[in-house]
Amino acid sequence: MRSEALMEQIRKRLSEELGEGYEVEKRTVLKNNGVEAEGFSVRKAGDVLAAILYPGPMEKTGQDEPDQDESSQDKNTLEVGEGYVDLCVEGMIKTYRSREKQNDGLREMVRRMEDWEEVRSYIRPQLLSCIENQRLIPRLVHRRFLDLAVVYAARMECRLEQGTIRIEHPVFKQWGISEEELHRQALKNLEQDGYTIQSIPEALGMAFLPGADEGAPSMAVFTNRSRFYGAAGILLSGMLEEYAKKMGSNLFLIPSSVHELILIPDDGRLPAKALNQMVKEVNREEVLPMDRLSGHVYYYDRESRQVEWRNDEEWELKGLMRNEGLLGAV
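Calculation notes
- Residues numbered from 1 in each chain as written.
- Predicted model: local features only at pLDDT ≥ 70, side-chain atom pairs only at ≥ 80, totals over all residues.
- Heavy atoms only, no water.
- Buried < 20%, exposed > 50% of the residue type's maximum accessible area, 1.4 Å probe, protein only.
- Helix = DSSP H or I, 4+ residues; strand = E, 2+ residues; numbered from the N terminus.
- Pairing = 2+ DSSP bridges.
- Expected span 1.5 Å × (residues − 1).
- Salt bridge = Lys/Arg side-chain N within 4 Å of Asp/Glu carboxyl O.
- Axes fitted to C-alpha atoms, helices over the stretch in contact; angles between N-to-C directions.
- Contact = heavy atoms within 4.5 Å.

This brings us to the pairing of strand β10 (residues 251–257). The side chains of a regular strand alternate, first on one face of the sheet and then on the other. Among the seven residues of β10, seven are classified as buried, and the element is accordingly described as predominantly covered. Of the pairings in the sheet, the one linking β10 to strand β11 (residues 260–265) comprises five bridges and is antiparallel in character. Among the inter-strand pairings, L253 is bridged to a residue of β11, identified as L263. Once β10 ends, the chain turns through two residues before running back antiparallel as β11. Pairing of β10 with strand β12 (residues 298–301), which is carried by three bridges, proceeds in the antiparallel orientation. Pairing of F252 across the sheet is with Y299, part of β12.

Another aspect to go through is helix α1 (residues 4–18). An ideal rise of 1.5 Å per residue puts 21 Å on 15 residues; α1 measures up with 21 Å between its terminal C-alpha atoms. Of all the residues in α1, the buried ones are A5, L6, M7, Q9, I10, R13, L14 and L18. Just downstream of α1 lies G19, where phi reads positive at about 90°.

A word on the pattern of salt bridges. What the rule picks out here adds up to 15 salt bridges. One salt bridge in this structure joins K26 and E38, with 3.9 Å as the shortest N-O distance. Placement of the pair is K26 in strand β1 (residues 22–30) and E38 in strand β2 (residues 36–44), with a sequence separation of twelve residues. When its relative accessible area of 31% is taken as the criterion, K26 is described as partly exposed. Here R143 and E180 are joined by a salt bridge, their closest N and O atoms 3.0 Å apart. Linking R143 in strand β5 (residues 142–145) with E180 in helix α5 (residues 179–190), this pair joins segments that are 37 residues apart in sequence. Residue class for E180 comes out partly exposed when judged on its relative accessible area of 38%.

Structurally, P57 can be placed in the loop between β3 (51–53) and α2 (73–112). Classification of P57 by relative accessible area gives partly exposed; the value is 32%.

Here the focus is the pairing of strand β4 (residues 123–129). Most of β4 is tucked away, with seven of its seven residues classed as buried. Burial of the side chains of β4 extends over both faces: I123, P125, L127 and S129 are buried on one face and R124, Q126 and L128 on the other. Bridge count for β4 against strand β6 (residues 148–155) is seven bridges, and the pairing is antiparallel. Within β6, the position partnered with I123 by the bridge is A154.

Strand order in the open sheet formed by six strands is β8-β9-β11-β10-β12-β13, with antiparallel pairing between adjacent strands. In this open sheet, the two edge strands, each paired with only one partner strand, are β8 (196–199) and β13 (306–308). Direction aside, neighbouring strands of the sheet carry axes that sit 30° apart on average. As judged from the three bridges shared by strand β9 (residues 220–223) and β11, these two strands associate in the antiparallel manner. Following the sheet pairing, F222 is matched in β11 by L261. Against the sheet, helix α8 (residues 272–286) touches β10 and β11, its axis set at about 10° to β10.

Next comes the structure, spelled out in C-alpha cells:
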C-alpha cells in the first residue's frame, strides 16, 4: 500500500517530466469484483481522452515502503522512495507514449459515443458477478442473467482493457433507444466475434495434453477470437445447443474467468458439488481477483435449452433422483 505522500511525490514528478500542457491527477479506479487500483489520469490540453497510468509494484524495485507515523512520513518517503519514484515515472511515461497511436482509435470511439448509429456495431455484452460488483453495476446499463449481470461496452478490436468503454446511464439516455434494442444489437455483434469450442489441447496449440487421463471426461474451451470477456458466449444458446447435441449430453459450464468457459459433458460421473469446489480453488489460486466470474458451475439442459444453476443441496437432490430413476421430475 503506497502512502498518500508517496503517491503525491509520484504525481508531481510525472507532471514535471511530461511538462506544460498536461493535467495529472491521482485517481482510484473501481474495477471488476470490487478491486480498486490507484493510478494517475493524464490528459493533454484539448484532448477528449485521459489515459490512466498505474505505478509498478514496489517489490520490483527491491524497496519496501516503511511503516510511518505522521511526523516522519514525508521524510522517510523521500529517502526510501526516490529510486521507486524514478522507476515508476519512467515506466508510466513509456507506457503513455506507446499508447498514443492506439489512443487515436479510442479518441474516435469517444467521439462516436454521442451517436448510437455510429457506435452500435462496436457494442458487446460482458458478464460480471452481481454479488461481487454491487458498487459497479448500478452505474452501468445492465440486465440480470441468473446470478450474473450482463453489462455492455463499446469495444475496439484489441485485448487491452483501455480498448473498451462501458455503457453508463447518461450516454445511454442520450442515445434514446430501449434496453431491448441495446441487448439485441450486442448479441448480434457477439455472434461475429469468432466464438469457438475447442478441446483443451487444441486451445493450447498441442496435439494432446501430456499426463491426461484417457478415461477423464472431455473438456473444451469456449471463448471468442480475442479471448477478451469471452465468457459472454454463454448467451449464445445456439452454440451450446449444437455442442450438447454433438456430445449427446447436457453440459457443465465452468466459469474459468470472465474471458472463457470450460464445457464438460455431464455423463453422470462428475458431482456438481466437487466441480463447485474446484471452481472456488481455481479462483483462489490461479485467477486474478478482477477476472473472476463466479464461484460455482452452471448447467446447460439440452431438453429445456436453458442455462441454469443450483446450490449444492439442489445438486445433491438431483443426483439422488437420478439414482432413483426420477430425474425427469427435477
